[in-house]
Amino acid sequence: NLDVELDAVGNARNTMTLEWTNHLDDEVGEPYEYLRKLQLEGIYGNFVRVLMPARSRLESVSGGTVAALTAAEETTEIVGRMAVGNYLMVPPGSARLRYTWTSPYASETDRLGGIYRLTIQKQPGTSGDAVNVSITLPPGAYAVQTTPGLEIMGNRVLLSTRLVYDVSLFVRYSFE
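For every chain, the first residue of its written sequence is number 1, and the numbers climb from 1 along that sequence. Since the coordinates come from a predicted model, pLDDT governs what is reported: local features require at least 70, and pairs of side-chain atoms require 80 or more to be given and counted, while whole-chain, interface and lining totals use all residues. The side-chain quantities take in all heavy atoms of the structure and omit both hydrogens and water.

Time to look at the overall build of the protein chain. Regarding its fold elements, the protein chain presents one helix and 14 strands. Using a 1.4 Å probe on the protein chains alone, a residue whose accessible area is under 20% of its type maximum counts as buried, one over 50% counts as exposed, and one in between counts as partly exposed. Taking all 176 residues of the protein chain together, the buried fraction comes to 36%. Contact definition: two residues touch when any of their heavy atoms are within 4.5 Å. Summarising the internal contacts of the protein chain: among those between residues at least 6 apart in sequence, 72% fall at separations of at least 24. Charge assignment in this entry is limited to Lys and Arg as positive and Asp and Glu as negative, and neither His nor the chain termini are counted. The atoms used to mark charge sites are NZ of Lys, CZ of Arg, CG of Asp and CD of Glu. Seen as two clouds, the 15 positive and the 20 negative side-chain charges of the protein chain have centres 6 Å apart. Put simply, DSSP H or I for four residues or longer makes a helix, DSSP E for two residues or longer makes a strand, and each gets a number counted from the N terminus.

Listed below in structure tokens is the structure:
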């Protein structure tokens, strides 16, 4: 899930919540007992890396299961973008990781309104992960044009899809 809040000058405050489910306890039988022994009692190890626009400011990291995560373990630049990463243990059941950051001037704005663009890149090797995006427009703004398939609900624009390929979207909004 990605929640984006735009302000009047085009800054975007983003909160991304990622969730994984380890189904090892759902399965029974000899192969699963062997896997459990290999994976430290069924714990799945994961390294998560999120790419953000350059000049973004990471505000918080939270989540984890076995150990609470409160900061990024890696912050670097990749292909002109800010990248933050964490190791996450996923025992049988669910695990979450949440990043909050602000991207300066994410919208192109003028006195009449603005346009916000977002690209969500599919991770290689995955197939159809659920993605939910909520974009809250600046106070007093309303959507005048969006990428087809987005839903407008008041001052919010919503997308709910399965990520089978990269998704690029835009929202044009106005203050008048």
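There's more to say after this.
The subject of this paragraph is the sheet that holds strand 5 (residues 74-78). Pairing between two strands is assigned when DSSP locates at least 2 bridges connecting them. An order of 3-6-5 is seen for the three strands of this open sheet, with the pairing classed as antiparallel. Bordering the open sheet on either side are strand 3 (44-52) and strand 5, each of which pairs with just one other strand. With direction set aside, neighbouring strand axes in the sheet form an average angle of 30°. With five bridges connecting them, strand 5 and strand 6 (residues 81-90) associate as antiparallel partners. Each bridged residue has a counterpart across the sheet, and for Glu74 the counterpart in strand 6 is Gly85. To obtain an axis, a line is fitted to C-alpha atoms, over the contacting stretch when the element is a helix, and the angle between two such axes runs from 0 to 180 degrees between their N-to-C directions.

Another aspect to go through is the pairing of strand 8 (residues 107-110). Of the strand pairs in this sheet, strand 8 and strand 9 (residues 113-120) are connected by four bridges, and their pairing is antiparallel. Its bridge partner being in strand 9, Asp110 is matched across the sheet by Gly113.

Among the secondary structure elements, Val50 is positioned in strand 3. You can call Val50 buried: its relative accessible area is 6%. Linking Val50 and Met82, residues 32 residues apart in sequence, is a C-alpha distance of 8.3 Å.

Right, let's talk about the nonpolar core for a bit. Among the buried residues, those of types Ala, Val, Leu, Ile, Met, Phe, Trp, Tyr and Cys that are joined through side-chain atoms within 4.5 Å form a nonpolar core. With 35 residues, the main nonpolar core has Leu6, Val50, Tyr99, Tyr116, Val133, Ile135 and Leu137 as its most contacted residues. Not counting chain neighbours up to four residues away, the residues in contact with Val133 comprise Leu2, Leu118, Ile120, Val157, Leu158 and Leu159.

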